[in-house]
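So the chains spell out like this:
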Amino acid sequence: MPIRTHYTSQIKPEDAEKEVVVAGWVHRVRDLGNLKFIILRDREGLIQITLKKGVTAQELIDLAEKIKDEYVIAVKGVVKANRIAPKGREIIPKEIEILSRTVSNLPVSVSGKIESNLDTRLDNRVLDLRRPEVMAVFKIQSKLVEGMQDYLRADGFQQIFTPCLMGAASESGAEVFPVVYFNKSAFLRQDPQLHRQLAVISGLDRIYDLGPSWRAEPSHTPRHLCEHRGCAVELGFIRDEYEVMKVEENLVISGIRRVKEDCKEELELLEKEVEVPSSPFPELRFPQIYEILEEFGKKIPFGEDYDRESEAILAKYVKERYKSDFFFVNRFPFKVKPFYVMRVDEEPQWARSVD
């Protein structure tokens, strides 16, 4: 038989009486005497394979007796509508082929019956990745990026690919990973910003780059990542920072909207709710930032940058006042920003710099 004609998500109750072939991993097996259920899992979800004595061929029932959790199987069968089966459909098998067997007891419970500690999960990551709640994270990530890319393409941005190895540190400071490159020193990029800007002034004036960056930050907080992925956008021929802010806003909205539309089951599995933010995002500016923070008992010297505690205060302020989880902070003190940041013409102590 062919290895697969359908993923589980493609099989609907209205496909009743259609012959299909599905393939994947055995999520669990249930034996109720005259009835056996094999729950098959692929990357799209679960489907029930139902074997009934007197209806299903005896050789298939005998084969099902040997099938264990996490066996890899292919099943050819007929779709039946069944309101009590997962998603209202099941497969009555005609053929079952075992493609791969497990060789020992599994150290990680893929079905979630037994909780495993993090060390065990990471030591057996290939099994941990099979857990539906872990797979859900990967689908959400994929759909988030997909939504962002759809917006960028529709708005005339071109994807480029920038180097990950650089001959010099791209930013000042020691937070850089050195590597040996043909007996010379090279560095993992901290940010491919300079490459993107070279692309813009070469004539590729609306571009974006998706890829990894590294920072050797010796910290153990959730805000410090040695390796991260970013969607970095550059655009030329603009008047001011508000055109950049609009792109950032649309990027966020498009990505989150795609997750909300395409990942309903994954969000439900993870018990998460996602709201697509409204536009425009609220904008807060310096020096008014100092006044807002002081209302909450946080005193920042005039002309200085704010800290992490201040960020949390501003987020709470925006949530209460504007009912928004997203906001812009604009017009930072110029002295705390890199030299190349654009000044505000009429007030040069402030920068057209936005977080």
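Anyway, here's the lowdown on the structure attached to this text. (Residues numbered from 1 in each chain as written. Predicted model: local features only at pLDDT ≥ 70, side-chain atom pairs only at ≥ 80, totals over all residues. Heavy atoms only, no water.)

## Brief notes about the environment of Glu309
As for its position among the elements, Glu309 is in helix α9 (residues 308-322). According to the relative accessible area criterion, Glu309 is partly exposed, its value standing at 48%. Residues Glu309 and Leu293 lie 16 residues apart in sequence; the distance between their C-alpha atoms is 9.9 Å. (Helix = DSSP H or I, 4+ residues; strand = E, 2+ residues; numbered from the N terminus. Buried < 20%, exposed > 50% of the residue type's maximum accessible area, 1.4 Å probe, protein only.)

## Considerations on unusual backbone geometry
Here the bond from Ser279 into Pro280 is cis, since omega is 5°, no more than 30 degrees from zero. Note that Pro280 resides in the loop between α7 (264-269) and β12 (283-285). Cis geometry is found at the peptide bond from Phe286 to Pro287, where omega equals 5°. By secondary structure assignment, the location of Pro287 is in the loop between β12 and α8 (288-295). Despite not being glycine, Lys87 shows a phi value in the positive range, around 60°. Residue placement: Lys87 occurs in the loop between β4 (72-81) and β5 (89-100).

## A few points about the nonpolar core
Ranked by internal contacts, the top residues of the largest apolar core, which has 21 residues, are Ile38, Ile49 and Ile73. Within the residue set of this core, elements represented by two or more residues are β1 (19-31), β2 (35-42), β3 (45-52), α1 (58-66), β4 and β5. For this core, the element with the most residues is α1, which contributes 4 residues. Dropping the residues within four chain positions of it, Ile49 is found in contact with Val22, Lys36, Phe37, Ile38, Leu40, Val75, Ile91 and Pro93. Listed in part, the 16 residues of the second largest apolar core include Leu293, Ile300, Val329 and Phe332. (Core = buried A, V, L, I, M, F, W, Y, C linked by side-chain atoms within 4.5 Å. Contact = heavy atoms within 4.5 Å.)

## Re the sheet that holds β2
The sheet built from 5 strands closes into a barrel, its strands ordered β1-β2-β3-β5-β4 with mixed pairing. The mean inter-strand angle of the sheet, taken between neighbouring strand axes irrespective of direction, is 50°. As paired strands, β4 and β5 are joined by 10 bridges and run antiparallel to one another. Bridging from a neighbouring strand, Ala74 pairs with Glu97 of β5. Here α1 sits on the sheet in contact with β1, β2, β3 and β5, set at roughly 60° to β5. (Pairing = 2+ DSSP bridges. Axes fitted to C-alpha atoms, helices over the stretch in contact; angles between N-to-C directions.)

Functional significance is not addressed by these values, which are geometric in nature.
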